[in-house]
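Architecture and fold: a report
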Protein chains: 2
Amino acid sequence: MERTKIVDVLQRTDYGTVVNVKGWVRTRRGSKAVNFIALNDGSTIKNIQIVVDVEKFDDAIIKDITTGACISVDGELVQSQGKGQSVELQCRNIEILGVCGADYPLQKKGHTMEFLREHANLRMRTNTFGAVFRIRHNMAMAIHCYFHEHGFFYLNTPIITASDCEGAGQMFQVTTKNLYDLKKDEDGKIDYSDDFFGKQASLTVSGQLEGELGATALGAIYTFGPTFRAENSNTPRHLAEFWMIEPEVAFNDITDNMNLAEDFIKYCIRWALDNCADDLEFLNQFVDKQLIERLHFVLEHDFVRLAYTEGIKILEEAVQNGHKFEFPVYWGADLASEHERYLVEQHFKRPVILTDYPKEIKAFYMKMNDDNKTVRAMDVLFPQIGEIIGGSEREADYDKLMGRIEELNIPMKDMWWYLETRKWGSCPHSGFGLGFERLILFVTGMQNIRDVIPFPRTPKNAEF
Amino acid sequence: MERTKIVDVLQRTDYGTVVNVKGWVRTRRGSKAVNFIALNDGSTIKNIQIVVDVEKFDDAIIKDITTGACISVDGELVQSQGKGQSVELQCRNIEILGVCGADYPLQKKGHTMEFLREHANLRMRTNTFGAVFRIRHNMAMAIHCYFHEHGFFYLNTPIITASDCEGAGQMFQVTTKNLYDLKKDEDGKIDYSDDFFGKQASLTVSGQLEGELGATALGAIYTFGPTFRAENSNTPRHLAEFWMIEPEVAFNDITDNMNLAEDFIKYCIRWALDNCADDLEFLNQFVDKQLIERLHFVLEHDFVRLAYTEGIKILEEAVQNGHKFEFPVYWGADLASEHERYLVEQHFKRPVILTDYPKEIKAFYMKMNDDNKTVRAMDVLFPQIGEIIGGSEREADYDKLMGRIEELNIPMKDMWWYLETRKWGSCPHSGFGLGFERLILFVTGMQNIRDVIPFPRTPKNAEF
């Protein structure tokens, strides 16, 4: 008999039909006469209840139906008598596909998040992580669908790179050199001519620069791939390996860029509410009681758009009125998460797009404003999360861009390919980056970024 | 005036309306009185023709409308007089956004593929590469849509890994160690305890093993991410960095796996024919005259399903009948591309799924057949390409799997997390891997894998 997924069985009302389901036992309970098996196959957070007339089955089979065991069940679809589900299966036949001993780590009792991280090979079998990773899938789909519907092309920018000009953070070195026999030149410098790529190579920190090449050819592109930071940050907000989405659009100015960011992120959140109701309800009940309310709240409000300079004034007023921040507030300061969250959660009580930051705290490629002090940067600030998106209009003028590069002493020797976009047929263009795991944190209500990526990479941890 | 994309303008018939388009000049030709500009914005392979009444514009502006220049044009939509397009724009206003000098490498004349690879930062602006990368985007969309519609969840398996058991090829090492001051232990071995992850780490060669963790929790998953091989292979078929799609499904046996592979790849090809007609027609005309015919051919035929042993018999008969192969044919031999293509292109004249390979030439995790000589492997063989998909039913039995691991001396010290799937609630499951760039080669008719990924990484080359 062909297997039916539990998500589909739960929708059916053709009572009397015999169906086959396969999955993993969550619990078995009941009396000597009747047992109730809660079976889950990962297709939905909901279990199907299987009613077993115990005397019709071998003791040996019943004994093997333990938490974690994998079974195949033929059963008749019946209207459920108990509450909590509409249909259940009256068991006709059971086959044990894989037993599960009492040493199985995921027994019924609750586990700490830290315990589950140590068992990340199994944690996707729990309700919480099943919900998180089904939602993660849905957010990836939402992202691809949004950009496809809006005429963007998905661009795979390189993971291994020989450029390191962006300075977005410490990089991982990638090499095939024999570390036991490192060839050096006469000055004692390591000779990379015999390394795989013939020069020193690293893992990318951003696909933006290559994304700009795509945008100035195909018009509108987006990247969606892994990026890396070799920073020794052991916090609930940092990963050494994370996924990033970076749209880049020819002819968009900073206002178009803000419109795109707001429309895009609302589309993703709406997708979650429309497509992940069961998983969101579970998370709302057991992880974060304000989750669904917060998602609706973001959808229903226009984001505040505010210049950095105005934001600093608001924060300075807050300080004058007695609000204590850990880090100082002054024009020119890089905002800390506490400042961003004050603006969002306490002052405006809605998402904020902060623009026109001092050039000193932003990257070299951002378009200079006429004041020659601020650049056309934009950060989208969210409740709970702080910065969820960072972007800018790019400097399209070759001379101004070169001026900034020289001012900042950026090593551009390998960057001829980027500068050529400003040399031949340069155009205004804008883009931004969204950290995928930050979006998942927001949409699931989870607190630690290690719990929204299947196998997190952090300092001293590359397990699984 | 708001910009309209050229792909949309070309669909319009509201003659008389004034629209704004922005893009890059492909050519400007004409007389002293009337000029014709072919403008492209990357949204489609088609250009919009702009008719310029020369005397109405400054000489300086006309002079700057050179190949590669970026311009903004307001023009009245009119029915085209010439052939090759249905609508054109009668120019009202032109703004030069970015000039383009005569030193621009992509002048009108044809370029060699090698020349364009050296200018990969600009090559997406050409017709051929625009077509290839729009199709690449569409194939990524098709893949995500197929799996989403079929209840699979997208799983991001790790890029950096500390396991190296699969032995699928040479790996790149990832490190933050100071190579000028490598700490060694008393035996002279490099001490990785102070490396970022506290042990030696590499770039992944496959997400399959982690994918199996996902499938045995969420039921059906797929990966779609970059994978790496540090092999010194300078061929038109090899990349050091490429993208791979790996579905993995609980409860699927080898037949389900074959059905999935055939249905999936036909869905992708149908998507290309349905959504990329203009780009495919261009490639069919200028790159590969059999391209569209070949795509239809694959769609219209059931794939032949054949045991390896039967395949060898056919090849041996061919040899007896005088066919010359470079590599020898015998039971136990790993098939070369020439053998695969003989079966597909000359013998069966359609795609072939070859199954039940000798265990010696396949990976340790494949399910053993009852003959104890062959395993439930499957390779999908395509015309032009050879192997496009490789997969198998996995060994679900803990003892049998451990037996193979010991037989093959596979270093499993870090693999406890994988083996636990067979220990607790083990289930039959199957999966396969599709090299994304091989699919793009097939769907575009391009000949060199370096021309179907934006920025190829190959030995001695990590440019851009």
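All figures in this text were calculated on a predicted structure; none of them were measured in a lab. (Residues numbered from 1 in each chain as written. Chains lettered and ligands numbered in written order. Predicted model: local features only at pLDDT ≥ 70, side-chain atom pairs only at ≥ 80, totals over all residues. Heavy atoms only, no water.)

It is worth spelling out the packing of aromatic side chains at this point. According to the stated counting rule, one finds 59 aromatic pairs over all chains in the structure shown. Here tyrosine 154 of chain A and tyrosine 222 of chain A contribute two aromatic rings whose centre-to-centre distance is 5.2 Å and whose plane-to-plane angle is 35 degrees, an arrangement assigned as tilted. Placement of tyrosine 154 of chain A in strand E6 (residues 153–154) and of tyrosine 222 of chain A in strand E10 (residues 220–228) is noted, with a sequence separation of 68 residues between them. Tyrosine 222 of chain A carries the same exposure label as tyrosine 154 of chain A, and that label is buried. A centroid spacing of 6.3 Å and a plane angle of 75 degrees characterise the contact between tryptophan 417 of chain B and tyrosine 418 of chain B, whose relative ring orientation is edge-to-face. No difference in accessibility class separates tryptophan 417 of chain B from tyrosine 418 of chain B, as the two residues are buried. Ring pairing ties together the aromatic residues Phe224, Trp243 and Phe436 of chain A together with Tyr146, Phe147, Phe152, Tyr154, Tyr222, Phe264, Tyr267, Trp271 and Phe432 of chain B, which thus form one cluster. Seen from the ring of tyrosine 192 of chain A, lysine 177 of chain A lies directly overhead, with NZ or CZ sitting 5.7 Å from the centre. (Phe/Tyr/Trp six-rings, centres within 6.5 Å; stacked < 30°, edge-to-face > 60°. Helix = DSSP H or I, 4+ residues; strand = E, 2+ residues; numbered from the N terminus. Buried < 20%, exposed > 50% of the residue type's maximum accessible area, 1.4 Å probe, protein only. Lys NZ or Arg CZ within 6 Å of the ring centre and 35° of its normal.)

Residues and elements named next belong to chain A. Per the domain assignment, the segments of chain A are domain 1 (6–98) and domain 2 (123–170 + 205–451). Between domain 1 and domain 2, the residue contacts involve six residues of the former and eight residues of the latter. Buried surface at the junction of domain 1 and domain 2, both sides included, amounts to about 600 Å², of which 42% is carbon and sulfur. Of all residues in domain 1, Arg26, Ile45 and Lys46 give up the largest surface area on contact with domain 2, accounting jointly for 72% of the area buried on that side. (Domains from an automatic or database assignment. Contact = heavy atoms within 4.5 Å. Buried area = accessible area lost by both parts, 1.4 Å probe.)

What follows covers the interface of chain B and chain A. As a measure of interface size, the accessible area lost when the parts come together is often cited. Counting from both sides, the interface comprises 116 residues of chain B and, opposite them, 116 residues of chain A. Both sides together, the interface formed by chain B and chain A hides about 9100 Å², and carbon and sulfur atoms give 65% of it. Contact with chain A buries surface across chain B, with Phe196, Phe251 and Trp424 of chain B losing the most and accounting together for 9% of the total. Counting across the chain B and chain A interface gives two salt bridges. On inspection of chain B and its partner chain A, the count reaches 45 residue pairs in polar contact (both at pLDDT 80 or more). At 11 residues, helix H4 (residues 127–149) of chain B tops the list of elements feeding residues into the side of chain B that touches chain A. (Salt bridge = Lys/Arg side-chain N within 4 Å of Asp/Glu carboxyl O. Polar contact = N/O pair within 3.5 Å; in protein donor to acceptor, adjacent residues only side chain to side chain.)

Running from N to C, helix H11 (residues 398–407) of chain A and helix H12 (residues 416–423) of chain A cross one another at 145 degrees; their axes reach a closest spacing of 9 Å. Counted together, Tyr398, Leu401, Met402 and Ile405 of chain A of H11 of chain A and Tyr418, Leu419, Arg422 and Lys423 of chain A of H12 of chain A form the full contact between these two elements. (Axes fitted to C-alpha atoms, helices over the stretch in contact; angles between N-to-C directions.)

Let's shift gears to the state of the cysteines. All chains considered together, the criterion is met by zero disulfides over all chains. The thiol sulfur of cysteine 268 of chain B is not disulfide-bonded, and the nearest other cysteine sulfur, from cysteine 145 of chain B, lies at 9.9 Å. (Disulfide = S-S within 2.5 Å.)

To continue, consider the sheet that holds strand E4 (residues 70–79) of chain B. Residues and elements named next belong to chain B. Taking strand neighbours around the barrel as the criterion, the five strands line up as E1-E2-E3-E5-E4 in a closed arrangement whose pairing is mixed. In this sheet, adjacent strand axes meet at a mean angle of 55 degrees when their direction is disregarded. Sheet analysis places strand E1 (residues 18–30) next to E4, joined by seven bridges and oriented antiparallel. Across the sheet, valine 18 pairs through a bridge with glutamate 76, a residue of E4. (Pairing = 2+ DSSP bridges.)

For the rest of this paragraph, the subject is the environment of glycine 445 of chain A. Residue and element names in this part refer to chain A. Mapped onto the elements, glycine 445 comes out in the segment after helix H13 (436–444). Overall, glycine 445 belongs to the buried group, its relative accessible area being 4%. Sequence separation between glycine 445 and glutamine 11 is 434 residues; the distance between their C-alpha atoms is 28 Å. Other than its neighbours up to four places away in sequence, glycine 445 contacts Val287, Asp288, Leu291 and Ile440.

Looking now at the environment of alanine 201 of chain A. Residue and element names in this part refer to chain A. Its place among the elements puts alanine 201 in strand E9 (residues 201–203). Since its relative accessible area comes to 1%, alanine 201 is described here as buried. Separated by 169 residues in sequence, alanine 201 and lysine 32 place their C-alpha atoms 66 Å apart. For alanine 201, the residues in contact, after removing those within four places along its chain, are Ile160, Thr161, Phe172, Gln173 and Val174.

This next bit is on the pairing of strand E2 (residues 34–40) of chain B. Residues and elements named next belong to chain B. The element E2 is extensively covered by neighbouring structure, given that five of its seven residues are classed as buried. Relative to E2, E1 runs antiparallel, the two sharing six bridges. By the bridge assignment for E2, arginine 28 is matched with isoleucine 37. The loop that links E1 with its antiparallel partner E2 comprises three residues. Relative to strand E3 (residues 48–53), E2 runs antiparallel, the two being bridged by six bridges. From the neighbouring strand, isoleucine 37 faces E3, where its bridge partner is isoleucine 50.

Residues and elements named next belong to chain B. An ideal rise of 1.5 Å per residue puts 16 Å on 12 residues; helix H10 (residues 337–348) measures up with 15 Å between its terminal C-alpha atoms. Regarding H10, the residues found buried are His339, Glu340, Tyr342, Leu343 and Val344. Where H10 is buried, its residues touch helix H9 (308–320), strand E13 (352–358), strand E14 (374–382) and strand E15 (386–393). Following H10 by one or two positions, lysine 349 has its phi on the positive side, about 55 degrees. (Expected span 1.5 Å × (residues − 1).)

To continue, consider the pattern of salt bridges. What the rule picks out here adds up to 48 salt bridges over all chains. Taking the shortest distance from any N to any O, the salt bridge between arginine 341 of chain B and glutamate 345 of chain B comes out at 2.8 Å. Placement of the pair is arginine 341 of chain B and glutamate 345 of chain B together in helix H10, with a separation of four residues, close to one helical turn. Residue classification places arginine 341 of chain B among the partly exposed positions, given a relative accessible area of 28%. For glutamate 345 of chain B, a relative accessible area of 31% translates into the label partly exposed. Because the salt bridges share partners, they merge into one network encompassing Glu114, Arg117, Arg123 and Asp451 of chain A.

What follows is about the packing of helix H8 (residues 291–300) of chain B against helix H13 (residues 436–444) of chain B. Residues and elements named next belong to chain B. One can describe the packing of H8 onto H13 by two numbers: an axis separation of 8 Å at closest approach and a directional angle of 115 degrees. Counted together, Leu291, Arg294, Leu295 and Val298 of H8 and Phe442, Val443 and Thr444 of H13 form the full contact between these two elements. Looking at the contact of H8 with H13 residue by residue, the class counts come to five nonpolar, one polar and one charged. (Nonpolar A, V, L, I, M, F, W, Y, C, P; charged D, E, K, R; others polar.)

Inspection of the secondary structure puts threonine 161 of chain B in strand E7 (residues 160–161). Discounting chain neighbours no more than four positions away, the residues touching threonine 161 of chain B are Arg457 of chain A together with Met171, Ala201, Ser202, Leu203 and Thr204 of chain B.

Our next topic: unusual backbone geometry. If a residue is not glycine, its phi is most likely negative; likewise, a peptide bond is most likely trans. Residue and element names in this part refer to chain B. If you check the backbone angles, asparagine 409 has positive phi at about 55 degrees while not being a glycine. Positionally, asparagine 409 belongs in the loop between helix H11 (398–407) and helix H12 (416–423). Of the residues examined, asparagine 409 reaches a relative accessible area of 68% and is grouped as exposed. Although it is not a glycine, lysine 460 sits at a positive phi angle of roughly 65 degrees. For lysine 460, the location among the structural elements is in the segment after H13.

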